[in-house]
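These are the residues of each chain, in order.
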Amino acid sequence: MEWIVSDSPVSYEDALAAMENRVAAIRAGEAREAVWLLEHPALYTAGTSAKPADLLNPRFPVYTAGRGGQYTYHGPGQRVVYLMLDLNRRGKDIRTFVCRMEDWVIATLARFNIKGEIRDGRVGVWVARPDQGPGREDKIAAIGVRVRHWVTFHGLSLNVDPALDHYDGIVACGIQNTAAEPFGVTSLADLGHTASLPEVDLILRDTLGPALLSRLGSECKS
């Protein structure tokens with residue numbers, strides 16, 4: 001497996017083209033699997049379930065993405081992780097693959113003494129924020145994958161220190177922040193943890209392990 005780190009922001013168009021080429025090469029047996037860590041310039045992406053009404057203010061460029069999910073934000077200070085893995089070798093189970101991704105993020109957050117959690121009906125990783133009010137939960141990592149011929153691409157984004165007000169232009173992942181459902185977004189910095197992207201990368205690499213590299217089973221840890 002190749003571990004790729006881009007030191008400068010990568011345009012969304014260039015990232016899509018690179019993933020398309022890599023997935024085709026993996027399927028043809030001409031390239032190794034890859035984990036690609038990068039940042040994007042500030043932008044919004046619309047997944048296959050995105051609703052037009054959830055684009056509140058297109059203050060940044062908006063791109064149609066072939067991944068699952070709804071609208072999300074990418075930008076500086078956020079670690080985007082694109083996974084190009086061959087599930088033909090690991091077990092053809094997309095649901096378990098997504099669950100393993102969540103486990104990976106949770107293990108990474110634990111290194112910062114942050115308790116990441118998953119919730120039924122809400123893909124991604126969440127952090128309880130009782131200090132912000134009763135029932136408050138904030139999303140710290142979004143997940144959206146696509147699979148072609150059982151080779152994966154797209155992946156996840158982990159908020160390290162992005163500008164959280166950039167999320168105001170969308171209903172992130174289709175989840176409203178209401179009195180009945182007080183849900184928002186957070187980051188490592190917002191939770192009081194100062195970390196650079198290279199530091200987060202080291203932890204991501206250390207916690208990847210069997211969570212995603214072993215054969216997929218029917219159980220998830222979370």
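*Asks:* Looking at this structure, how should I read the overall build of the protein?
*Replies:* Secondary structure assignment for the protein yields three helices and eleven strands. Taken from the N to the C terminus, the helices and strands of the protein come in the order β-α-β-β-β-β-β-α-β-β-β-β-β-α. Just so you have it, the protein exposes about 10,200 Å², and 49% of that area is on carbon and sulfur atoms.

*Asks:* Help me out: how do you make sense of the pattern of salt bridges in this one?
*Replies:* Two side chains of opposite charge can pair, provided their charged atoms sit close to one another. Inspection of the entire model under this criterion finds 13 salt bridges. One salt bridge in this structure joins R90 and E33, with 2.3 Å as the shortest N-O distance. Separated by 57 residues along the polypeptide, R90 in the loop between strand 6 (78-84) and helix 2 (94-110) and E33 in the loop between helix 1 (12-27) and strand 2 (34-38) bring together distant segments of the chain. Both residues of the pair, R90 and E33, belong to the buried class. For D190, the salt bridge identified is with R129, shortest N-O distance 3.1 Å. Taken together, the residues span a long stretch of sequence, with D190 in the loop between strand 11 (183-185) and helix 3 (197-213) and R129 in the loop between strand 8 (122-128) and strand 9 (137-148) at a distance of 61 residues. Taking the relative accessible area as the measure of exposure, D190 reaches 37% and is therefore partly exposed. R129 gets classed as buried once you look at its relative accessible area, which sits at 6%. Salt bridges linked by common partners bring R129, D131, R136, D138 and D190 together as one network.

*Asks:* Whenever I open this one, helix 2 confuses me. Can you help?
*Replies:* Since the α-helix packs 3.6 residues into each turn, any two residues three or four apart lie on the same face. Helix length check: helix 2, at 17 residues, gives a terminal C-alpha distance of 24 Å against a target of 24 Å (1.5 Å per residue), a fit within 8%. In terms of burial, helix 2 is largely enclosed, as 13 of its 17 residues are buried. The residue sitting at the N-terminus of helix 2 and contributing the capping side-chain oxygen is D93; that oxygen lies 3.3 Å from the backbone nitrogen of R95.

*Asks:* Mind showing me how you'd approach the packing of aromatic side chains here?
*Replies:* We describe a pair of aromatic rings using the distance from one ring centre to the other and the angle between the two ring planes. Per the stated rule, a full pass over the model turns up seven aromatic pairs. With centroids separated by 5.6 Å and ring planes inclined at 65°, the aromatic side chains of W126 and F183 adopt a geometry described as edge-to-face. In this pair, W126 is assigned in strand 8 and F183 in strand 11, connecting sequence segments 57 residues apart. The same class applies to W126 as to F183, namely buried. Each member of the aromatic cluster is reached from another via a ring pair, and the members are Y44, F60, Y73 and Y167.

*Asks:* Is there a simple way to explain the sheet that holds strand 3 (residues 43-46) in this structure?
*Replies:* Ordered in space as 4-3-5, the three strands form an open sheet in which the pairing is mixed. The sheet terminates laterally at strand 4 (62-64) and strand 5 (71-74), the two strands that pair on one side only. Across the sheet, the axes of successive neighbouring strands diverge by a mean angle of 30°, strand direction being ignored.

*Asks:* I'm lost on the side chain of T72 in this one. Help?
*Replies:* Considering the arrangement of structural elements, one finds T72 in strand 5. Residues within four places of T72 in sequence aside, it is in contact with L43, Y44, T45, R67, A142 and I170.

Basis of the calculations
- Residues numbered from 1 in each chain as written.
- Predicted model: local features only at pLDDT ≥ 70, side-chain atom pairs only at ≥ 80, totals over all residues.
- Heavy atoms only, no water.
- Helix = DSSP H or I, 4+ residues; strand = E, 2+ residues; numbered from the N terminus.
- Areas by Shrake-Rupley, 256 points an atom, 1.4 Å probe, with all protein chains shown as cover.
- Salt bridge = Lys/Arg side-chain N within 4 Å of Asp/Glu carboxyl O.
- Buried < 20%, exposed > 50% of the residue type's maximum accessible area, 1.4 Å probe, protein only.
- Expected span 1.5 Å × (residues − 1).
- Polar contact = N/O pair within 3.5 Å; in protein donor to acceptor, adjacent residues only side chain to side chain.
- Phe/Tyr/Trp six-rings, centres within 6.5 Å; stacked < 30°, edge-to-face > 60°.
- Pairing = 2+ DSSP bridges.
- Axes fitted to C-alpha atoms, helices over the stretch in contact; angles between N-to-C directions.
- Contact = heavy atoms within 4.5 Å.

Just geometry here; none of it tells us what the structure is for.
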